[in-house]
Amino acid sequence: RILMAMAMASTLSVLLLLCLAAAASASPPLSPQFYAKSCPRALATIKSAVTAAVRSEPRMGASLLRLHFHDCFGCDASVLLSDTATFTGEQGAAPNARSIRGMNVIDNIKAQVEAVCRQTVSCADILAVAARDSVVALGGPSWTVPLGRRDSTTASLSLANSDLPAPSFDVANLTANFAAKGLSVTDMVALSGGHTIGQSQCRFFRSRLYNETNIDAAFATSLKANCPRTTSSGNSSLAPLDTTTPNGFDNAYYSNLMSQKGLLHSDQVLINDGRTAGLVRTYSSASAQFNRDFAAAMVRMGNISPLTGAQGQIRLSCSRVN
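Worth saying up front: this structure is predicted, and the values here are computed from it rather than measured.

A. Just the state of the cysteines, in detail. Applying the stated criterion to the full structure yields four disulfides. Covalently, cysteine 72 is tied to cysteine 75 through a disulfide, its sulfur atoms 2.0 Å apart. Judged by the torsion about the S-S bond (125°), the cysteine 72/cysteine 75 disulfide is right-handed. When its relative accessible area of 0% is taken as the criterion, cysteine 72 is described as buried. Taken in sequence order, the bonded cysteines of the chain link in the pattern 1-4, 2-3, 5-8, 6-7.

B. Local environment of the packing of helix 3 (residues 59-72) against helix 4 (residues 103-116). Axis separation between helix 3 and helix 4 bottoms out at 10 Å; the angle between their running directions is 85°. Between helix 3 and helix 4, the interaxial angle falls into the category roughly perpendicular. From helix 3, Met60, Leu64 and Leu67 reach across to helix 4, where they touch Met103, Val105 and Ile106. Looking at side-chain class alone, the contact of helix 3 with helix 4 contains six nonpolar, no polar and no charged residues.

C. Local environment of the packing of helix 2 (residues 42-56) against helix 5 (residues 123-137). Orientation of helix 2 relative to helix 5, taken along the N-to-C sense of each, is 50°, at an axis distance of 9 Å. The angle between helix 2 and helix 5 falls in the class oblique. The chirality of how helix 2 crosses helix 5 is right-handed. In this structure, helix 2 uses Leu43, Ile46, Lys47, Val50 and Val54 to contact helix 5, whose residues at the interface are Ile126, Val129, Ala130, Asp133, Ser134, Val136 and Ala137. In the contact of helix 2 with helix 5, the residues fall into nine nonpolar, one polar and two charged.

D. Here's a closer look at the nonpolar core. Grouped together as the largest cluster of nonpolar side chains are 70 residues, with contacts concentrated most on Leu80, Ile106, Ile109, Phe294 and Met301. Of the residues forming this core, the biggest block, nine residues, is contributed by helix 5. Residue contributions to this core reach at least three from each of two domains, namely domain 1 (41-163) and domain 2 (171-301). If near-sequence neighbours (up to four positions away) are discounted, leucine 80 is found in contact with Leu67, Gln91, Met103, Ile106, Cys123, Leu127, Arg315, Cys318 and Ser319. The next biggest cluster of nonpolar side chains, apart from the first, holds 13 residues, and it includes Ile215, Leu223, Leu241 and Leu263.

E. Layout of the layout of surface pockets. What the largest pocket holds in volume is close to 840 Å³. What lines the largest pocket is a set of 38 residues, and nearest its centre among them are Arg66, Phe69, His70, His195 and Leu264. For the lining of the largest pocket, the element with the most residues is helix 3, which contributes eight residues. Along the lines of polarity and charge, the residues of the lining of the largest pocket split into 22 nonpolar, twelve polar and four charged. When residues of the lining of the largest pocket are sorted by domain, at least three fall in each of domain 1 (41-163) and domain 2 (171-301).

F. The arrangement of the packing of aromatic side chains in detail. Considering all chains together, one arrives at twelve aromatic pairs under this definition. Ring centres 5.1 Å apart and planes at 70° place the aromatic pair tyrosine 254 and phenylalanine 290 in the edge-to-face group. Separated by 36 residues along the polypeptide, tyrosine 254 in helix 11 (residues 252-258) and phenylalanine 290 in helix 14 (residues 287-302) bring together distant segments of the chain. Phenylalanine 290 shares its class with tyrosine 254; the two are buried. Where phenylalanine 290 meets phenylalanine 294, the ring centres are 5.8 Å apart and the plane angle is 55°; that geometry is what we call tilted. Residue phenylalanine 290 and its partner phenylalanine 294 are located together in helix 14, separated by four residues, close to a single helical turn. A residue is classified by how much of its surface remains accessible, and phenylalanine 290, at 0% relative accessible area, is buried.

G. Geometry of empty space enclosed by the protein. Of the voids in this model, the largest cavity is the one considered here, and its volume is about 50 Å³. Looking at the lining of the largest cavity, the element that brings in the most residues is helix 14, giving three residues. Of the residues in the lining of the largest cavity, the class split is six nonpolar, two polar and one charged.

Thresholds applied
- Along each chain, numbering runs from 1 in the same order as the chain's sequence is written.
- For a predicted model such as this one, the threshold for reporting local features is a pLDDT of at least 70, and the threshold for listing and counting side-chain atom pairs is 80 or more; totals across whole chains, interfaces and linings nevertheless cover every residue.
- By convention in this description, side-chain values take in all heavy atoms of the structure and omit both hydrogens and water.
- In what follows, a disulfide is any cysteine sulfur pair within 2.5 Å.
- Burial classification: accessible surface area is computed with a 1.4 Å probe over protein chains only, and a residue below 20% of its type maximum counts as buried, one above 50% as exposed, and the rest as partly exposed.
- Axis lines are fitted to C-alpha atoms, over the contacting stretch for helices. Their N-to-C directions set the angle, which ranges from 0 to 180 degrees.
- Here a strand is any run of E in DSSP of at least two residues, a helix any run of H or I of at least four, and the numbering for each starts at the N terminus.
- We call two directions roughly parallel when the angle between them is under 35 degrees, roughly antiparallel when it is over 145, roughly perpendicular when it lies between 65 and 115, and oblique otherwise.
- Contacts are residue-level and defined by heavy atoms, with any inter-residue pair within 4.5 Å sufficient.
- Asp, Glu, Lys and Arg are counted as charged, while Ala, Val, Leu, Ile, Met, Phe, Trp, Tyr, Cys and Pro are counted as nonpolar; the rest, among them Gly, fall into the polar class.
- Crossings are assigned a handedness: left-handed for a near helix turned anticlockwise from the far helix by less than a right angle, right-handed for a clockwise turn.
- For this analysis, a nonpolar core means a set of buried residues of the types Ala, Val, Leu, Ile, Met, Phe, Trp, Tyr and Cys, connected via side-chain atoms within 4.5 Å.
- The domain limits used here are those given by an automatic or database domain assignment.
- Cavities and pockets were defined on a 1 Å grid built from protein atoms only: a cavity is a group of points that admits a 1.4 Å probe but offers it no way out, a pocket is an open group of points flanked by protein on both sides within 12 Å along at least five of seven lines, and a lining residue is one with an atom within 4 Å of any such point.
- Grid points are joined across faces, edges and corners, and a volume is the space filled by probe spheres set on the points.
- Working definition: rings of Phe, Tyr and Trp (its six-membered ring) pair if their centres are within 6.5 Å, and the pair is stacked with planes under 30 degrees apart, edge-to-face with planes over 60 apart, and tilted otherwise.

This is the structure:
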């Protein structure tokens, strides 16, 4: 009995040590109060810079939102790393090449934050907060951003190519793509509503203009002038993703889909598929619900695989590792 008791005690001690070790190695959760003591002026500094940038160029709000989205399918600021002679980042990936923008604005925000708190606030957190502040600046909802992300020391061109949803995707592709990141169909349809702001290049919607029938004829005609059928010209010509209120964050995007005025194939399919059509109709008439679901989905997206604790680093410059 004594030996058995000793053995049990030894086993319990080992289990306790394993639990303590696991707890010590577990990554700490993100928290909205992460910078409350270490950099109390961080959020106000970011908001001021974003508001000024969006006031100067309303399109920048959409660009900063998209930059956060393209980073988060990881939330580790890997998308901000510039290519070097010995390093290939994600900016040349098909979804990013010649289309992501706003890195200069993030660099400016980072410089302002560094002036307030040296090497304290991560570029990944700046992206997450800037996305929220951009939506607010354009009249959209606000939400509380959990903080504490750290910056990656590398990036993956192949993952950027494979993980980000393409404008040619149908609902099955989109659903699988978002599900792989732990996001639901509701999250996917709500996040698609981010296309209520911003613009897209002709090369991303040309095929829809000339090959699809579920598109309003007058809408298509108005776009064809700057987006000719031939692929030798007009590739970078821009058109608003939401033709109704292109610089206002609202629910008009969903009404456009019901009128067959979705710019991208991956937009228009949402009203043509039974798995998503109900949500499109709901959001088109219930802006408050869209705002709630969009905000909740943004928080969930921002929680995808962040680096925390001792992982990664706090970059001094967002475009390169320390």
